[in-house]
Amino acid sequence: MSTPDPNQTLNSAEAVHEAQPKPAKARPGQRVDHAGAAREFLHSPVHAQSHDERVWAMRQRRDTAMETIPEWEELRDLASQIKTHALTHLDKYLEQFADNAAANGVHVHWAGDAADHNRIVHEIFTRHGVKKVIKSKSMLMEECGFRHYMEGVGIDIVETDLGERIQQLDKEDPSHVVVPAVHKMRSDVSQVFAKTLGSDPNNDDAHYLTEQQRQATRPLILDADAGMTGANFAIAETGGFVVCTNEGNADLSANVPNLHVASIGIEKIVPKLSDLGVFIRLLSRSALGSPITQYTSHFRAPKSGGEMHIVLVDNGRSKRLADERFWSSLKCIRCGACMNTCPVFRRSGGLSYGATYTGPLGLILDPSIDAYRYSNLPFASTLNGSCTNVCPVKINIHEQIFEWRQVLAEDDMIPWTKKSTLAAAGRTLASPRAYRTAIKSAHSALKHLPDWALYNKLNAWGQVRDLPEVPAEGSFHDWYRKHRMDQSESASGDSE
Amino acid sequence: MRGRNEILADIRANKPKFSAPAPDVPNYDGDYPADTAGLQGRFIAVLEKMGGAWAEPEAGEPLEATLRRALADRLDANSIIASNVGEIKGNRPVRADDTPASLHDVDVAVLRARFGVAETGSVCFTEAELTANAVAYLAQHLVVLLDPAAIETNLHRAYRRDDYKTARYTVFHTGPSATADIEGVLVRGAQGVRSLTVIPVR
């Protein structure tokens, strides 16, 4: 979707020469080390601060946009109810959508998993002799590893969303569902473009860099054999689907080549056109704070002389419907608001999650894709509930994060160190006497231990921030005993 | 490999064991101005915020002159103007059977909007107004004729229309192509048109 900011910002005055942190990706079968990667990110202070500020700015613009809509909370309720209705009737609406699309002259395909999706699209391309494809950003295609698959069979895929293109040229995954290159500084983009597009390595002006990319991509767009898009919503009533972008790149991908293939997750179905009023009003306001994306495109049938294919993808979604704790995560409309508000995401960067879906949304989607690989992610949260508060479709995100911790513990998916620490904490917290003793000794340790004993490799907190000051009067319990115990006994029955 | 029947069967077996009704969606447009002038004012304010421009023709001014005036610093004598409207002639016809990629040389595409939306400052096109869909994205600049009487209040009203049920392609344009993917700096003209100008035609 990427970010138009109505209040134009300027490049920071000073060029930045700090290298971009590049966390190593977990190998197949390995567990993602989110905390380790986040630590690396924080060791690049200029990047860490810029990321925090830019992502938080999106959250603030969302708040400003929300305040102009008196019915905002009603819209969230309606969006949530429409999704509940759609998901409890998903079989019916999917059939209606597929039948209507077919009647409109669209070829409809069904993919059980990511491999099916890639094979089906590959077959379409083979039949048409397609070698060069322009593509609009799609999280579903990221989920399916589509681009890597196509590289393997010699089909050239060009991303047309600027942020996604930057990530493609840098051979990196997107770090955010809306702004894929938000973790990069303009100096990083300048380096990537100098290497891959031959632009001036000493010019890191955002206007210059964007223009370089426009000029480099235009010939590829004109020359493409096929175009691909995802979809934000699919409408059962019409058999059509909606794609929202700010660059118009989905419209170029769909309208310049004669062959258009759209990959659509089965959870994107909404029953009626009139439902779109609710979702389009919420989507870009929640994402970036703008009233709508620059382009909101409704595709119902192939253009005259063209051919259109839809691939409906399950890839674990029908299975997730069965879990009463987690099915509502399928309501997600991928606005990214939960990431923008999350203190952990803002300070760890999306790449540290090592997954297609990052931030709070990722914490509840990724473990259902691979519980072992992503077993650390549900712990990357303070459970402050801010994600739930901003979610435009009212998914109880922080509660599902907490549920996932329990599921992973029951399934024995949690690392031993985390389990033993938590077990010890559990014993301590269960006994008031043990808890008070622990607090007393922690306080005296903080007061008297030298820094080398406090700030070391064993203390994850102390590596990136100062430990708290010890209160002068000891613990709250000490203070309470001293000041209130006697009074409260004599004043019992009074209400303050 | 699981196909249509298997996927639908899995959904039937797995979907939540309760049936929630579809809610009624109100129009939420009670507070919008009832008159055309009022709605036009709302439309212009948001259009400009989204990077679009409003070009009011001067008294007796032909629309082609309004266009030249509005785009003065972007056009020269050789600029290619592709017009799909009768009021402005242009110098480059667009035909439905044009190869889309052949439209890449267009400097300005002139289109008539089907309607506008005051809430978002959007103009709407279908393939009927576009003739060749790609022209609205390959052109460097877009000029749009809009009848102010055809401005809907908000998106709820816009979606009560039937256009999306009959047209193959229906699109809202809200200002020009934009991006802020590089360090959050807003740039117009990332991939599609670099500017969008709306001229009222009453």
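Residues numbered from 1 in each chain as written. Chains lettered and ligands numbered in written order. Predicted model: local features only at pLDDT ≥ 70, side-chain atom pairs only at ≥ 80, totals over all residues. Heavy atoms only, no water.

A closer look at the overall build of chain B
Looking only at helices and strands, chain B has 7 helices and 11 strands in total. Oriented by its inertia axes, the alpha-carbon framework of chain B measures out at about 65 × 45 × 40 Å. Burial analysis of chain B (202 residues in total) assigns 59% to the buried set. Residue pairs at least 24 apart in sequence account for 70% of intrachain contacts in chain B once pairs closer than 6 positions are excluded. (Helix = DSSP H or I, 4+ residues; strand = E, 2+ residues; numbered from the N terminus. Buried < 20%, exposed > 50% of the residue type's maximum accessible area, 1.4 Å probe, protein only. Contact = heavy atoms within 4.5 Å.)

Examining the pairing of strand 11 (residues 195-200) of chain B
Residue and element names in this part refer to chain B. Within strand 11, 6 of the 6 residues are buried, which leaves it mostly tucked inside the rest of the structure. Alternating residues of strand 11 divide into Ser195, Thr197 and Ile199 and Leu196, Val198 and Pro200, and every residue in both groups is buried. The pairing of strand 1 (residues 53-54) with strand 11 spans 2 bridges and is parallel. Across the sheet, residue Trp54 finds its bridge partner in strand 11, namely Val198. Sheet analysis places strand 6 (residues 141-146) next to strand 11, joined by 6 bridges and oriented parallel. The partner of Leu142 across the bridge, within strand 11, is Leu196. (Pairing = 2+ DSSP bridges.)

A few points about the side chain of Glu164(A)
All names here are of chain A. By the element assignment, Glu164 lies in helix 8 (residues 162-169). Reaching out from Glu164, the side chain makes a polar contact with the side chain of Arg147 at a distance of 3.5 Å. Residues contacting Glu164, with those up to four places away along its chain left out, are Lys137, Glu142, Arg147, Glu159, Pro174 and Pro180. (Polar contact = N/O pair within 3.5 Å; in protein donor to acceptor, adjacent residues only side chain to side chain.)

Comments concerning helix 10 (residues 206-222) of chain A
All names here are of chain A. Between its first and last C-alpha atoms helix 10 spans 24 Å; for 17 residues at 1.5 Å apiece the expected length is 24 Å, and the two agree. Restricting attention to buried positions, one finds in helix 10 the residues Ala206, Leu209, Thr210, Gln213, Arg214, Thr217, Arg218 and Ile221. Sitting at the head of helix 10, Asp205 places a side-chain oxygen 3.0 Å from the backbone nitrogen of His207. (Expected span 1.5 Å × (residues − 1).)

Some remarks on the environment of Ser177(B)
If you trace the backbone, Ser177(B) turns up in the loop between strand 8 (169-173) and strand 9 (178-179). Take Ser177(B): its relative accessible area is 0%, and that puts it in the buried class. C-alpha of Ser177(B) to C-alpha of Glu87(B): the two residues are 90 residues apart in sequence and 25 Å apart in space. Ignoring anything within four residues of it in the chain, the contact list for Ser177(B) reads Asn246(A), Glu247(A), Tyr295(A), Val187(B), Arg188(B), Gly189(B), Ala190(B), Gln191(B), Gly192(B) and Val193(B).

Quick word on the nonpolar core
Ranked by internal contacts, the top residues of the largest apolar core, which has 75 residues, are Phe233(A), Leu276(A), Ile280(A) and Phe172(B). It is helix 12 (residues 273-287) of chain A that contributes the most residues to this core, 8 residues altogether. The next biggest cluster of nonpolar side chains, apart from the first, holds 70 residues, and it includes Leu312(A), Leu330(A), Val94(B) and Tyr169(B). (Core = buried A, V, L, I, M, F, W, Y, C linked by side-chain atoms within 4.5 Å.)

Here's the deal with the interface of chain B and chain A
One frequent convention defines the size of an interface as the accessible area lost when the parts assemble. On the side of chain A, 99 residues touch chain B, which itself brings 71 residues to the contact. Contact between chain B and chain A buries roughly 7400 Å² in total, counting both sides, with carbon and sulfur atoms accounting for 57%. Connecting chain B to chain A are 11 salt bridges. Between Glu237(A) and Lys165(B) there is a salt bridge; the shortest N-O distance is 3.3 Å. Our enumeration of links across chain B and chain A arrives at 49 residue pairs in polar contact (both at pLDDT 80 or more). Secondary structure elements with two or more residues in the side of chain B that touches chain A: helix 1 (4-14), helix 2 (36-49), helix 5 (135-138), helix 6 (155-158), helix 7 (163-166), strand 8 and strand 9 of chain B. With 7 residues, the single largest contributor to the side of chain B that touches chain A is helix 1 of chain B. (Buried area = accessible area lost by both parts, 1.4 Å probe. Salt bridge = Lys/Arg side-chain N within 4 Å of Asp/Glu carboxyl O.)

A closer look at helix 1 of chain B
Every buried residue of helix 1 of chain B is accounted for by Ile7(B), Leu8(B) and Ile11(B). Within helix 1 of chain B, the buried residues cover an arc of 95° as seen down the axis, which keeps them to one side. (Arc of directions from axis to C-beta.)

Comments concerning the pattern of salt bridges
Applying the stated criterion across every chain yields a total of 48 salt bridges over all chains. One salt bridge connects Asp99(A) with Arg4(B), and the closest N-O pair in it is separated by 3.2 Å. Pair noted here: Asp99(A) is in helix 4 (residues 90-103) and Arg4(B) is in helix 1, and the two residues belong to different chains. Connected through salt bridges with shared partners, the residues Asp91(A), Glu95(A), Asp99(A), Arg4(B), Arg12(B) and Lys15(B) form a single ionic network.

Quick word on the sheet that holds strand 7 (residues 151-152) of chain B
The strand order 8(A)-5(A)-6(A)-9(A)-8(B)-5(B)-4(B)-7(B) describes an open sheet built from 8 strands, whose pairing is mixed. Where the open sheet ends on each side, the last strands, each with one partner, are strand 8 (269-270) of chain A together with strand 7 of chain B. As defined by bridge partners, strand 5 (residues 233-235) of chain A adjoins strand 8 of chain A across 2 bridges and the pair is classed as parallel. Its bridge partner being in strand 8 of chain A, Ala234(A) is matched across the sheet by Ile269(A).

Some details on the side chain of Thr388(A)
All names here are of chain A. Note on placement: Thr388 falls in helix 17 (residues 386-390). For Thr388, a relative accessible area of 16% gives the class buried. When neighbours within four sequence positions are excluded, Thr388 is seen to be in contact with Arg76, Ile395, Asn396, Ile397 and His398.

What to know about the confidence of the model for chain A
Residue and element names in this part refer to chain A. Per-residue confidence for chain A averages 91 on the pLDDT scale, and 93% of its residues sit at or above 70. Confidence drops under a pLDDT of 50 for residues 5-10, and excluding neighbours within four residues, the segment shows 9 contacts in the predicted structure. Counting interchain partners and residues more than four positions distant, the pLDDT-below-50 stretch residues 491-496 has 0 contacts. (pLDDT = per-residue confidence, 0-100.)

Considering the packing of aromatic side chains
Per the stated rule, a full pass over the model turns up 14 aromatic pairs over all chains. On the basis of an interplanar angle of 15° and a centroid distance of 4.4 Å, the ring pair of Phe326(A) and Trp404(A) is categorised as stacked. Of the two residues, Phe326(A) sits in the loop between helix 13 (317-320) and helix 14 (337-341) while Trp404(A) sits in helix 18 (residues 397-410), which places them 78 residues apart along the sequence. Classification of Phe326(A) by relative accessible area gives buried; the value is 3%. A cation sits over an aromatic face here: Lys83(A) above Phe279(A), 5.7 Å from the ring centre. Looking at Arg42(B), its charged tip hangs above the ring of Tyr32(B), at a distance of 4.3 Å from the centre. (Phe/Tyr/Trp six-rings, centres within 6.5 Å; stacked < 30°, edge-to-face > 60°. Lys NZ or Arg CZ within 6 Å of the ring centre and 35° of its normal.)

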